[in-house]
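Analysis of the macromolecular model
One-letter residues, chain by chain:
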2 protein chains.
Amino acid sequence: MQNKVEPRILQGFSELLPSDQLAYNAMYDKIRSVYERFGFLPIDTPVLEYSDVLLAKAGGETEKQIYRFNKGDTDIAMRFDLTVPLARYVAMHQNDLAFPFKRYHMAKVYRGERPQKGRYREFCQCDIDIIGSDTLDLIYDAEIPAVIYNVFKELDIGKFTIRINNRRVLGGFFDALGLSDKVTDVMRVIDKLEKIGVDAVKQELSKLGIDEAVIEKIISFIGICGSCDEMIASLRAIGCDNEKFCAGVDELDAVVGYIRDFGVPDDYFTLDLTIARGLDYYTGTVYETKIDNAPEFGSVCSGGRYDDLTGYYTDQKLPGIGISIGLTRLFAQLKEYGMIKDDRKSVIDVLVIPMDKTAIPSAIEAARSFRDAGVPTDVYYLEKGMKPKMKYANRIGVPYVAIIGESEMAENKVALRNMLGDGQQTVSITDAINIIKNTEDSV
Amino acid sequence: MQNKVEPRILQGFSELLPSDQLAYNAMYDKIRSVYERFGFLPIDTPVLEYSDVLLAKAGGETEKQIYRFNKGDTDIAMRFDLTVPLARYVAMHQNDLAFPFKRYHMAKVYRGERPQKGRYREFCQCDIDIIGSDTLDLIYDAEIPAVIYNVFKELDIGKFTIRINNRRVLGGFFDALGLSDKVTDVMRVIDKLEKIGVDAVKQELSKLGIDEAVIEKIISFIGICGSCDEMIASLRAIGCDNEKFCAGVDELDAVVGYIRDFGVPDDYFTLDLTIARGLDYYTGTVYETKIDNAPEFGSVCSGGRYDDLTGYYTDQKLPGIGISIGLTRLFAQLKEYGMIKDDRKSVIDVLVIPMDKTAIPSAIEAARSFRDAGVPTDVYYLEKGMKPKMKYANRIGVPYVAIIGESEMAENKVALRNMLGDGQQTVSITDAINIIKNTEDSV
């Protein structure tokens, strides 16, 4: 007797049972279809890269979390996001790409983080980015929220709000307050507002050596609220004539107009001056997205505009804009909150059940007709009684069974039973296909 | 000026340009849709696993090729196939799965092989397996070729032939020749027949210490050919009464009958006694698949039946049957031979071009209508002349452009141009949608 190895998976990693995997894949496919509908092209890159390539820009936390190892003489790392591989890809293939280059990339990334709730060491990111050559039109700053809107409408997980800000508005305002040398730190603190509250933010700003009077100005500034038009008006009325600030407000104003052109309803997006995004990478419009009824999920889709994607690899200036959806985390959250709607257990729409062995060839033929008509189908071959056969059908959650016995064979029909309780009828295969397909459409 | 890192990827790894990625994804989706149509459920497992779990069974070559490293105290390895993770998954989740368990898994695996043509260190496998509890009906041995048939018909890459054998036929015959202690070695040698030729096979068999007379019997045995029915008749007429051999022939006979029930035409499959598959893992029916006009591709889809999937993890006996398509390699071969048909460069079906800035809101609105109708659409926003705009449209390979200028805006229409040369017509958005969708269907 050989020794058994205990079957187990690494801490911080996860896998799904088939029914959940089906629901997860359905979400993946919906996101992908919206990305493609907006003209984003697919790419995929290797999971392993040269460490110096992946870490060209990184440092600090990223470097600590990365999976990195040697194979022979080669210093190898696993990708920890999809942005660095995009930069490397664009830098390498620049001459073969048409700009603006719109790409989507939906794939797993790896971070050796301390395992904790909501943190995964392997997770799927669904990214889109639009990369311009030298310049990138401001309209794309509105197209991105249009994509977010269409994705989350398609996912159908409840009302959501896209929150929009512009780093130039913040930066320009802080410059005007004489905080030019502290802008990055101030933004980092403000970004934590929702998490730590206004008092803690004041404290942290104070620790940066900022006067109380100035802190009050910052707090009252980021507290500006109202409809998009009201906020733009308030920002214009604030009396700040810093050039960057004014340019940022003009951008916000234009972006709001374009978002409406894209057909995003006003109650699905809002301006929010507290959105700063931690990364100093962003230079213009920034986004976060919250599910209205589940703010505890945090932002389910974030991103923004940046000036220079490939600076670590080439001299060519390639500005871009992009967002990311962390699908592994979002799916886990939806599952935990019972918010997964597309929770069908079965990949098939009909299970063909031969009454006994003699009916097997007819069952195989019926299955072939179903499949040829595009109906996912399986056949139950085990020689068991009707009870275990129906028990299996129930267990796999199939919506229909098509039973074939002597009389059905004689008539070239099937006894079609709706497993959700609508009784049973003896029909031709063609009729069975129509019944099954119509149910599908109405779901 | 910061130092630049040269953008490059690791040897033995590959990535595609977007147009190729589109064609690759189309193949991936077709394979997936056939797998689902036959009722296979999706799973995915972590790319990283505990080394002792992944290597429970491995040894020799596998162990040398694996990517393995330590992170903290943990000995981690990257999956090198999808079968071992399946065994681990089934062993772990047995109580949550319904048997027979049909699963597909289409994902990347990693092997640190010496880089050479046709060998990849990262490649996508498209696997299906059917796992029974204690037993697994012989009909599945016929369902697998039915799946292969439907997959390759769908891929539309030319006539192919599924070659089928049964290890019990070979093993029983060799037992009868008194070679019971050498069966694995003999099979390994025979499996190389096509590669090294009959003389080299004879030499290698001789090196195993087999008499010349016996070698001649082996060679003449594996040379048996003809239609499936002729070959079954020849095997029955051979006068070998070894029990395993006879059981194997009965299995082959029954499987051929069922394959016909599944609707696979006779010229798409054949019996071939030279197919042995190197792995001693297989215990019954085995498969290889060749493209008739490209035999140099080797087998594009292989697999077989095995007695015990999870022996290294549990005592429960779980027999199974499965096949694998190496999509990364197949795609590269098809590309090299110019056999990729679905070679459209563009993810979008129409590019909306506003004549000038004033037409942009109308262009955005038109794009929205196209997208809402399910037509993948993009808008060209850059303020350039008509010539560079059309040049861009040509470059991205979009089939239609919809131009919007002053007169189109006034009429609420678009000037729809077929980029393949069918001229231009001014039509309503609704008509444009119909024209584009009809073209799509007829492709």
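Placed above this text is the structure.
Since we're looking at a predicted model, the values are computed, not measured.

When its secondary structure is counted, chain A shows 16 helices and 16 strands. Here chain A holds 443 residues, and the buried ones make up 57% of them. By element, 46% of the accessible surface of chain A is carried by carbon and sulfur atoms, the whole surface being about 18,300 Å².

The next thing to look at is the interface of chain A and chain B. Of the residues lining the interface, 102 residues belong to chain A; the matching set on chain B comes to 102 residues. For the pairing of chain A and chain B, the buried interface totals around 8,700 Å² over both sides, and the portion due to carbon and sulfur atoms is 60%. Connecting chain A to chain B are 12 salt bridges. Across the pair Arg88 of chain B and Glu15 of chain A runs a salt bridge, and its minimum N-O distance is 2.6 Å. Classifying every residue of the side of chain A that touches chain B by side-chain character gives 54 nonpolar, 19 polar and 29 charged.

Here the focus is the relation of the copies chain A and chain B. Between the two copies, chain A and chain B, the superposition gives an RMSD of 0.0 Å; the rotation angle is 180° and the shift along the axis is 0.0 Å. Expressed as an axis order, the relation between the two copies is that of a two-fold axis. The position closest to the rotation axis in chain A is occupied by the C-alpha of Phe69 of chain A, lying 3.2 Å away. Mapped onto chain B, 100% of the interface residues of chain A are again interface residues, and the two copies thus contact each other with one and the same surface.

Residues and elements named next belong to chain A. Strand order in the open sheet formed by eight strands is β1-β5-β6-β11-β10-β9-β7-β8, and the pairing between neighbours is mixed. Where the open sheet ends on each side, the last strands, each with one partner, are β1 (41–42) and β8 (269–271). Most of the contacts of helix α11 (residues 243–261) go to strand β7 (residues 160–166), to which it runs at about 150°, and overall it touches β7, β8 and β9 (282–291).

Now for the packing of aromatic side chains. Residues and elements named next belong to chain A. All told, the structure shown has 37 aromatic pairs over all chains when counted by the stated rule. With 5.0 Å between their ring centres and 75° between their planes, Phe297 and Tyr337 make a pair best called edge-to-face. Of this pair, Phe297 sits in the loop between β9 and β10 (302–306) while Tyr337 sits in the loop between α12 (327–336) and β12 (350–354), placing them 40 residues apart in sequence. For Phe297, a relative accessible area of 1% puts it in the buried group.

Turning to the pattern of salt bridges, a few remarks are in order. Within this structure, the stated rule accounts for 62 salt bridges over all chains. As a salt-bridge pair, Asp29 of chain B and Arg32 of chain A come within 2.6 Å of each other at their nearest N and O atoms. A residue pair is termed interchain when its members come from two chains, as with Asp29 of chain B in helix α1 (residues 18–37) and Arg32 of chain A in helix α1 (residues 18–37). Residue classification places Asp29 of chain B among the partly exposed residues on the basis of a relative accessible area of 24%. For Arg32 of chain A, a relative accessible area of 15% translates into the label buried. A salt bridge links Asp266 of chain A to Arg260 of chain A; its shortest N-O distance comes to 2.9 Å.

Quick look at the pairing of strand β3 (residues 68–71) of chain B now. All names here are of chain B. Sheet analysis places β3 next to strand β4 (residues 74–78), joined by four bridges and oriented antiparallel. Residue pairing for β4: Asn70 is matched across the bridge by Asp75. The loop that links β3 with its antiparallel partner β4 comprises two residues; one of these, Gly72, has a positive phi angle of about 60°.

Let us now look at unusual backbone geometry. Residue and element names in this part refer to chain A. Cis geometry is adopted by the peptide bond preceding Pro100, which originates at Phe99 and carries an omega value of 0°. Take Pro100: it is sitting in the loop between α4 (83–93) and β5 (101–110). Backbone geometry places Asp156, a non-glycine residue, at a positive phi of 55°. For Asp156, the position within the fold is in the loop between α5 (139–155) and β7. Judged by relative accessible area, which is 39%, Asp156 ranks as partly exposed.

Another aspect to go through is the sheet that holds β4 of chain B. All names here are of chain B. Read across the sheet, three strands follow the order β2-β4-β3 without closing on themselves; strand pairing throughout is antiparallel. Edge positions in the sheet fall to β2 (48–50) and β3, since each has one partner strand and no second. Taking the axes of each pair of neighbouring strands and ignoring which way they run, one obtains an average angle of 40° across the sheet. Note: β2 against β4, three bridges, orientation antiparallel. Its bridge partner lying in β4, Tyr50 is registered against Ile76.

Attention now goes to the environment of Val34 of chain B. Residues and elements named next belong to chain B. Within the element layout of this structure, Val34 appears in helix α1. The buried category is assigned to Val34, whose relative accessible area is 0%. Once the C-alpha coordinates of Val34 and Lys437 are considered, the two residues, 403 residues apart in sequence, prove to be 24 Å apart. Residues contacting Val34, with those up to four places away along its chain left out, are Val147, Asn150, Val151 and Glu154.

Residue and element names in this part refer to chain A. An ideal rise of 1.5 Å per residue puts 27 Å on 19 residues; α11 measures up with 27 Å between its terminal C-alpha atoms. Listed in full, the buried residues belonging to α11 are Phe245, Gly248, Val249, Glu251, Leu252, Val255, Val256, Tyr258 and Ile259. For α11, the capping residue at the N-terminal end is Asn242, with a side-chain oxygen 2.8 Å from the backbone nitrogen of Lys244. Where α11 ends, the next residue or the one after it, Gly263, has phi of about 85°, a positive value.

Examined against the element boundaries, Arg371 of chain A turns out to sit in helix α13 (residues 360–372). Buried within the structure, Arg371 of chain A lacks any salt-bridge partner; its nearest side chain of opposite charge belongs to Asp378 of chain A, at an N-O separation of 4.1 Å. Within the structure, Arg371 of chain A has its side chain in polar contact with the backbone oxygen of Thr377 of chain A (distance 3.0 Å). A distance of 3.3 Å separates a polar side-chain atom of Arg371 of chain A from the backbone oxygen of Arg37 of chain B.

To continue, consider the environment of Thr274 of chain B. Residue and element names in this part refer to chain B. Secondary-structure assignment places Thr274 in the loop between β8 (269–271) and β9 (282–291). Between the C-alpha atom of Thr274 and that of Ile222, which follows or precedes it by 52 residues, the distance is 5.6 Å. Sequence-distant contacts of Thr274, that is, excluding residues within four places in its chain, are made with Asn165, Ile190, Asp191, Leu193 and Ile222. One polar contact links Thr274 to Asp272, side chain to side chain, over a distance of 2.6 Å.

Bringing the packing of helix α5 (residues 139–155) of chain B against helix α11 (residues 243–261) of chain B into the picture now. The description of two packed helices rests on the angle between their axes and on the distance between the axes. All names here are of chain B. With their axes 8 Å apart at the nearest point, α5 and α11 run at an angle of 50° to one another. Classified by the angle between their axes, α5 and α11 sit oblique to one another. Classified by chirality, the crossing of α11 by α5 is right-handed. Here α5 contributes Ile139, Asp141, Ala142 and Pro145 to the contact with α11, which in turn contributes Val255, Tyr258 and Ile259. Along the lines of polarity and charge, the residues of the contact of α5 with α11 split into six nonpolar, no polar and one charged.

Residues Lys345, Lys384, Lys387, Lys391 and Arg395 of chain A make up a contiguous surface patch of positive charge. Summarising the element assignment, Arg395 of chain A is placed in helix α14 (residues 386–396).

Moving on: α5 of chain A. All names here are of chain A. Spanning 17 residues, α5 covers 25 Å between terminal C-alpha atoms, matching the ideal 24 Å at 1.5 Å per step. Counting buried residues along α5, 15 of its 17 residues qualify, which places the element largely inside the surrounding structure. Residue Asp156 follows α5 closely and has a positive phi angle near 55°.

Rules used throughout
Residues numbered from 1 in each chain as written. Chains lettered and ligands numbered in written order. Predicted model: local features only at pLDDT ≥ 70, side-chain atom pairs only at ≥ 80, totals over all residues. Heavy atoms only, no water. Helix = DSSP H or I, 4+ residues; strand = E, 2+ residues; numbered from the N terminus. Buried < 20%, exposed > 50% of the residue type's maximum accessible area, 1.4 Å probe, protein only. Areas by Shrake-Rupley, 256 points an atom, 1.4 Å probe, with all protein chains shown as cover. Contact = heavy atoms within 4.5 Å. Buried area = accessible area lost by both parts, 1.4 Å probe. Salt bridge = Lys/Arg side-chain N within 4 Å of Asp/Glu carboxyl O. Nonpolar A, V, L, I, M, F, W, Y, C, P; charged D, E, K, R; others polar. Least-squares fit on C-alpha atoms with pLDDT ≥ 70 in both. Pairing = 2+ DSSP bridges. Axes fitted to C-alpha atoms, helices over the stretch in contact; angles between N-to-C directions. Phe/Tyr/Trp six-rings, centres within 6.5 Å; stacked < 30°, edge-to-face > 60°. Expected span 1.5 Å × (residues − 1). Polar contact = N/O pair within 3.5 Å; in protein donor to acceptor, adjacent residues only side chain to side chain. Lys, Arg positive; Asp, Glu negative; His and termini not counted. Parallel < 35°, antiparallel > 145°, perpendicular 65-115°, else oblique. Left-handed = near helix turned anticlockwise from the far one by under 90°. Patch = residues over 30% accessible without salt bridge, like charges linked within 9 Å, V, L, I, M, F, W, Y side chains within 5 Å. Charge placed at Lys NZ, Arg CZ, Asp CG, Glu CD.

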